[in-house]
Amino acid sequence: MIARDLIASAHIHRGEAEAVLAMVLGVDRAWLYAHGDDPIAKAAVDRFNELIHARREGKPLAYLLGYCDFWTVRLQVNQHVLIPRRETEHLVEWALEQIDAGASRVLDMGTGSGAIALSCKASRPAAQVSGLDSSPHALDCARENAIALGLEVDWLLSDWFSALSSRTWQLIIANPPYIAADDPHLLQGDLPAEPASALIGGATGMESLQHIIQHARDHLSDGGWLLLEHGFDQASAVRAALQEHGFCAVTTRADWSGHERLTGGQWTR
Ligand SMILES: C[S@@+](CC[C@H](N)C(=O)[O-])C[C@H]1O[C@@H](n2cnc3c(N)ncnc32)[C@H](O)[C@@H]1O
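Residues numbered from 1 in each chain as written. Predicted model: local features only at pLDDT ≥ 70, side-chain atom pairs only at ≥ 80, totals over all residues. Heavy atoms only, no water.

Student: Tell me about the site of the ligand, residues and numbers included.
Tutor: Taken together, 18 residues sit near the ligand, with Gly 110, Asp 133, Asp 159, Trp 160 and Asn 175 positioned nearest. For the ligand, a nitrogen atom lies 3.3 Å from a polar atom in the backbone of Ser 134. The fraction of the free accessible surface of the ligand (590 Å²) that becomes covered by protein chains is 94%. Those elements that provide at least two residues to the shell around the ligand are strand 4 (128-133) and helix 9 (196-199). The residue inventory of the shell around the ligand, partitioned by class, reads eight nonpolar, eight polar and two charged. (Near = heavy atom within 4 Å. Polar contact = N/O pair within 3.5 Å; in protein donor to acceptor, adjacent residues only side chain to side chain. Areas by Shrake-Rupley, 256 points an atom, 1.4 Å probe, with all protein chains shown as cover. Helix = DSSP H or I, 4+ residues; strand = E, 2+ residues; numbered from the N terminus. Nonpolar A, V, L, I, M, F, W, Y, C, P; charged D, E, K, R; others polar.)

Student: Go over the sheet that holds strand 3 (residues 105-109) with me, naming the residues and quoting the values.
Tutor: In a beta sheet, neighbouring strands are held together by backbone hydrogen bonds and run either parallel or antiparallel to one another. With respect to topology, seven strands assemble into an open sheet ordered 5-4-3-6-7-9-8, the strand pairing being mixed. Looking at the sheet topology across the chains shown, the edges are occupied by strand 5 (154-157) and strand 8 (248-254). On average, each strand axis in the sheet is inclined to that of its neighbour by 15 degrees, with strand direction left out of account. Pairing analysis gives five bridges linking strand 3 to strand 4, with the strands arranged parallel. Its bridge partner lying in strand 4, Asp 108 is registered against Gly 131. Taken strand by strand, helix 6 (residues 88-100) contacts strand 3, strand 6 (169-174), strand 7 (220-229), strand 8 and strand 9 (260-267), and its axis lies near 165 degrees from that of strand 7. Its contacts with the sheet place helix 11 (residues 235-244) against strand 7, strand 8 and strand 9, and it is angled at close to 5 degrees to strand 9. (Pairing = 2+ DSSP bridges. Axes fitted to C-alpha atoms, helices over the stretch in contact; angles between N-to-C directions. Contact = heavy atoms within 4.5 Å.)

Student: Go over the side chain of His 245, please, and point to the residues and values.
Tutor: Here His 245 shows up in the loop between helix 11 and strand 8. The class of His 245 is buried, set by a relative accessible area of 14%. Filtering out sequence-adjacent residues up to four positions away, His 245 remains in contact with Ile 213, Gln 214, Arg 217 and Trp 267. (Buried < 20%, exposed > 50% of the residue type's maximum accessible area, 1.4 Å probe, protein only.)

Student: Explain the pairing of strand 2 (residues 73-76) to me, and be specific about the residues and the numbers.
Tutor: Taking every second residue as pointing to the same face, the buried face of strand 2 carries Val 73 and Leu 75, while none of Arg 74 and Gln 76 on the other face is buried. Two elements, strand 1 (residues 67-70) and strand 2, share four bridges in a ladder whose sense is antiparallel. Opposite Asp 69, over in strand 2, you have Arg 74 as the bridge partner.

Student: Summarise the pairing of strand 1; cite the residues concerned and give the values.
Tutor: The side chains of a regular strand alternate, first on one face of the sheet and then on the other. Side-chain alternation along strand 1 places Cys 68 and Phe 70 on a buried face and Tyr 67 and Asp 69 on a face that remains uncovered. What sits between the antiparallel neighbours strand 1 and strand 2 is a turn of two residues, in which Trp 71 has the positive phi angle 50 degrees.

Student: Account for the domain arrangement of the chain, naming residues and giving values.
Tutor: The assigned domain composition of the chain is domain 1 (3-57) and domain 2 (71-267). Inter-centroid distance (C-alpha atoms) of domain 1 to domain 2 is 35 Å. (Domains from an automatic or database assignment.)

Student: Let's hear about the nonpolar core: which residues, and what values?
Tutor: Core analysis: the biggest nonpolar cluster contains 30 residues, and Met 109 and Leu 226 have the highest contact counts within it. Contributing elements (two or more residues each) for this core: strand 3, strand 6, helix 10 (207-216), strand 7 and helix 11. Per element, the largest residue contribution to this core is four residues, and it comes from helix 10. Core analysis: the second largest hydrophobic core is formed by 29 residues, Leu 75, Ala 103, Ala 146 and Leu 227 among them. (Core = buried A, V, L, I, M, F, W, Y, C linked by side-chain atoms within 4.5 Å.)

Student: I'd like a rundown of the environment of Glu 207, residues and numbers included.
Tutor: Mapped onto the secondary structure, Glu 207 falls in helix 10. In contact with Glu 207, other than residues within four places in its own chain, are Gly 201 and Gly 202.

Student: An account of the packing of helix 2 (residues 14-25) against helix 4 (residues 42-56) is needed here, citing residue identities and associated values.
Tutor: Between helix 2 and helix 4, the shortest axis-to-axis distance is 10 Å and the interhelical angle comes to 140 degrees. Here helix 4 runs oblique to helix 2, going by the angle between their axes. Classified by chirality, the crossing of helix 4 by helix 2 is right-handed. Taking contact as the criterion, the partners of Glu 16, Ala 17, Val 20, Leu 21, Met 23, Val 24 and Leu 25 in helix 2 are, on helix 4, Ala 44, Arg 47, Phe 48, Leu 51, Ile 52 and Arg 55. (Parallel < 35°, antiparallel > 145°, perpendicular 65-115°, else oblique. Left-handed = near helix turned anticlockwise from the far one by under 90°.)

Dropping the structure here:
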């Protein structure tokens, strides 16, 4: 079979089929356009069909490819980590603004693949960046990404703040799990294949956010910022929780679609 016909036979999004075939053949997608009439070896056809079957069964493309591009970095991803989302790049942008304003010690809580920590370190190499997760498998993935990218990050295994004793940072960033346990969205798209521990923030979805907001001030230096990603309908609850716990300059930012998805506040003693 030739490349063009193989891609058409997949009956999934054309770009995804091209990405899968390019990976199987070890070429880039542009090659497929120049070689659309080339015959494909049977072993490659079989591997392609196997992966396309897995995609149709609901396995996310990023897990099939084994990587995901985020900010300026290519990250390895697997079933132990959330596939980094485009919207989270807004959080990186805000974090970099804070680093540029003087925050040099930075903690990414719930780092997963290391997406936020590694993006910050790649863009601001002088920053001292820590990445924390309660999942040893996620930390393995983050660590491997750091090695592949040649970036130095301090990786911490911890259930939120529990293993941090009295350490403080000038900037704490988190994209914690924030979906309610009974939210029907958990059954849609790529979500059923992603780790529940990366998605579900408790019965209401607010539990992880509340916990982080409640304890962050013990780990922020004077004037430090806490920046949080949250669901599109959680902004007012996150603002209220930050204010209740003494944060000032509480601000919400919208994502590219106009949804209120990020909220931050400053801690002053
Ligand atoms: C929504 S994912 C975010 C992953 C990554 N930061 C990103 O933006 O792509 C949430 C992460 O929080 C971690 N997590 C969940 N509960 C945690 C806890 N109690 N302590 C530390 N990390 C936790 C999960 O393992 C997961 O990696």
